[in-house]
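# Fold and geometry: a report
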Amino acid sequence: MTDKVGLVEIRWHGRGGQGAVTSAELLAQAAINEGKYAQAFPAFGAERRGAPVVAFVRIDDEKPIRVRAEIEVPDVVVVLAADLLRVVDVSSGLKDDGVMVLNTPKTADQIVKEFGFKWKLATVDATRIAREMLGVPIVNTAMVGALLKASAVAKLDSLIDPLKHRFGRLADKNINAMKKAYEETTIRGQK
């Protein structure tokens with residue numbers, strides 16, 4: 001687990017419409033609700049639905065965050081679409097002791113064999129969970145659950161209020177997707 005005290009930097013990779021930016025915002029709000037300092041922001045270009053998207057979250061439990069630059073050397077990388085592994089270098093800059101959180105139906109061992117990842121790897125089939133729980137393949141809240149299992153950046157219960165505020169009558173479905181992904185996420189240790 002990323003139980004690091006101080007600044008934790010998280011980079012989210014997804015496709016337009018999957019909710020990477022929303023996930024980043026929800027996580028930052030949960031951290032703020034816990035009394036931590038946090039910021040979330042996207043990297044925007046000429047994105048369209050389905051195009052690669054990047055979002056960033058910084059969380060610090062000790063001091064305010066002054067930097068607002070893109071995260072080039074993250075502690076954690078969250079990948080909402082496994083096909084991005086062949087399109088974008090999602091692991092670029094990931095610290096040696098970093099964590100990769102990946103939406104995939106494959107096992108962590110299969111991913112390591114295929115891509116040679118050296119980092120701690122958390123995997124979950126968030127697409128299946130989203131289809132079951134939400135009826136659509138929007139994986140953002142499931143991936144928040146996976147991230148929280150792989151990293152101690154916020155408490156699972158701290159996401160409930162931000163999810164209720166953001167999703168209104170659909171909040172319970174999103175909360176259940178988050179919790180199910182938390183339960184189903186498997187983690188493969190480093191090296």
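See the structure shown above.
Summarised in this report is the structure supplied together with it. (Residues numbered from 1 in each chain as written. Predicted model: local features only at pLDDT ≥ 70, side-chain atom pairs only at ≥ 80, totals over all residues. Heavy atoms only, no water.)

### Notes on the environment of L170
Put simply, the rule reads: Runs of E in the DSSP output that reach at least two residues are strands. Runs of H or I that reach at least four are helices, and both are numbered from the N terminus. Note on exposure labels: buried denotes an accessible area under 20% of the residue type's maximum, exposed denotes more than 50%, and partly exposed covers the range between, all computed with a 1.4 Å probe on protein chains only.
Looking at the element boundaries, L170 is found in the loop between α5 (160-167) and α6 (171-184). In this structure L170 comes out as partly exposed when scored by relative accessible area, which is 38%. Separated by 36 residues in sequence, L170 and L134 place their C-alpha atoms 8.5 Å apart.

### What to know about the packing of helix α1 (residues 20-33) against helix α4 (residues 140-150)
Rules: Axis angles are defined between N-to-C directions and span 0 to 180 degrees, where every axis is a line fitted to C-alpha atoms and, for a helix, only to the segment in contact. Relative orientations are named as follows: roughly parallel for angles under 35 degrees, roughly antiparallel for angles over 145 degrees, roughly perpendicular for angles from 65 to 115 degrees, and oblique for any other angle. Handedness of a helix crossing follows the sense of rotation of the near helix relative to the far helix, less than a right angle counterclockwise being left-handed and clockwise being right-handed. What makes two residues a contact is simply this: any of their non-hydrogen atoms within 4.5 Å. Ten residues, namely Ala, Val, Leu, Ile, Met, Phe, Trp, Tyr, Cys and Pro, are considered nonpolar, four, namely Asp, Glu, Lys and Arg, are considered charged, and the remaining ones, Gly among them, are considered polar.
Where α1 meets α4, the closest approach of the two axes is 9 Å, and the angle between their N-to-C directions is 50°. In terms of their interaxial angle, α1 and α4 are classed as oblique. Crossing hand, α1 versus α4: right-handed. Of the residues in α4, those touching α1 at T22, S23 and L27 are N140, V144, L147 and L148. Per-class residue counts for the contact of α1 with α4 are four nonpolar, three polar and no charged.

### Regarding the packing of aromatic side chains
Counted only if it meets this: Each Phe, Tyr or Trp ring (for Trp, its six-membered ring) is paired with any other whose centre lies within 6.5 Å, and the angle between the two planes then decides the class: stacked below 30 degrees, edge-to-face above 60, tilted in between.
In total, this model carries three aromatic pairs according to the counting rule given. With centroids separated by 5.3 Å and ring planes inclined at 35°, the aromatic side chains of F41 and F56 adopt a geometry described as tilted. In this pair, F41 sits in strand β2 (residues 37-43) while F56 sits in strand β3 (residues 52-60), placing the two residues 15 residues apart along the sequence. When sorted by exposure, F41 lands in the same class as F56, which is buried. Both rings, one in F117 and one in W119, keep their centres 5.6 Å apart while their planes meet at 55°; by these two values the pair is tilted. Given the relative accessible area of 9%, F117 is considered buried. For W119, a relative accessible area of 9% corresponds to the buried category. An aromatic cluster of at least three residues, connected via ring pairs, comprises F115, F117 and W119.

### Focus on the pairing of strand β1 (residues 7-15)
As a reminder of what qualifies: A pair of strands is considered paired only if DSSP assigns at least 2 bridges between the two.
Of all nine residues making up β1, seven are buried, and the element is well covered by its neighbours. With nine bridges connecting them, β1 and β3 associate as antiparallel partners. Across the sheet, the residue bridging to R15 is P52, located in β3. By the bridge criterion, four bridges tie β1 to strand β4 (residues 76-79) in an arrangement that is parallel. If you follow I10 over to β4, its bridge partner there is V76.

### Let's talk about the environment of G145
Summarising the element assignment, G145 is placed in helix α4. Residue class for G145 comes out buried when judged on its relative accessible area of 0%.

### Focus on the layout of surface pockets
Stated precisely, the cut-off is as follows: A 1.4 Å probe that fits but cannot get out identifies a cavity on a 1 Å grid over protein atoms alone, an open set with protein on both sides within 12 Å along at least five of seven lines counts as a pocket, and a residue lines either if it has an atom within 4 Å of a point. Grid points are joined across faces, edges and corners, and a volume is the space filled by probe spheres set on the points.
Estimated volume of the largest pocket: approximately 190 Å³. Taken together, G19, T22, L134, V136, I138, N140, R166, F167, L170, K173 and N174 make up the lining of the largest pocket. Partitioned by chemical class, the residues of the lining of the largest pocket number five nonpolar, four polar and two charged.

### Quick look at the pattern of salt bridges
To keep things clear, this is the line we draw: When a carboxyl oxygen of Asp or Glu lies within 4 Å of a side-chain nitrogen of Lys or Arg, that pair is called a salt bridge.
Counting across every chain of the model gives 14 salt bridges. Residue E9 is joined to R58 by a salt bridge in which the shortest nitrogen-to-oxygen separation is 2.6 Å. Highlighted residues: E9 in strand β1 and R58 in strand β3, separated in sequence by 49 residues. Here E9 matches R58 in class, with each residue buried. The partner of R188 in a salt bridge is D109, with the nearest N and O atoms 2.6 Å apart. Of this pair, R188 sits in strand β7 (residues 186-188) while D109 sits in helix α2 (residues 108-115), and the two are 79 residues apart along the sequence. Its relative accessible area of 29% is what places R188 among the partly exposed residues. Classification of D109 as exposed rests on a relative accessible area of 51%. Salt bridges here are not isolated pairs; linked through shared partners, they connect D125, R128, E132, K180 and E184.

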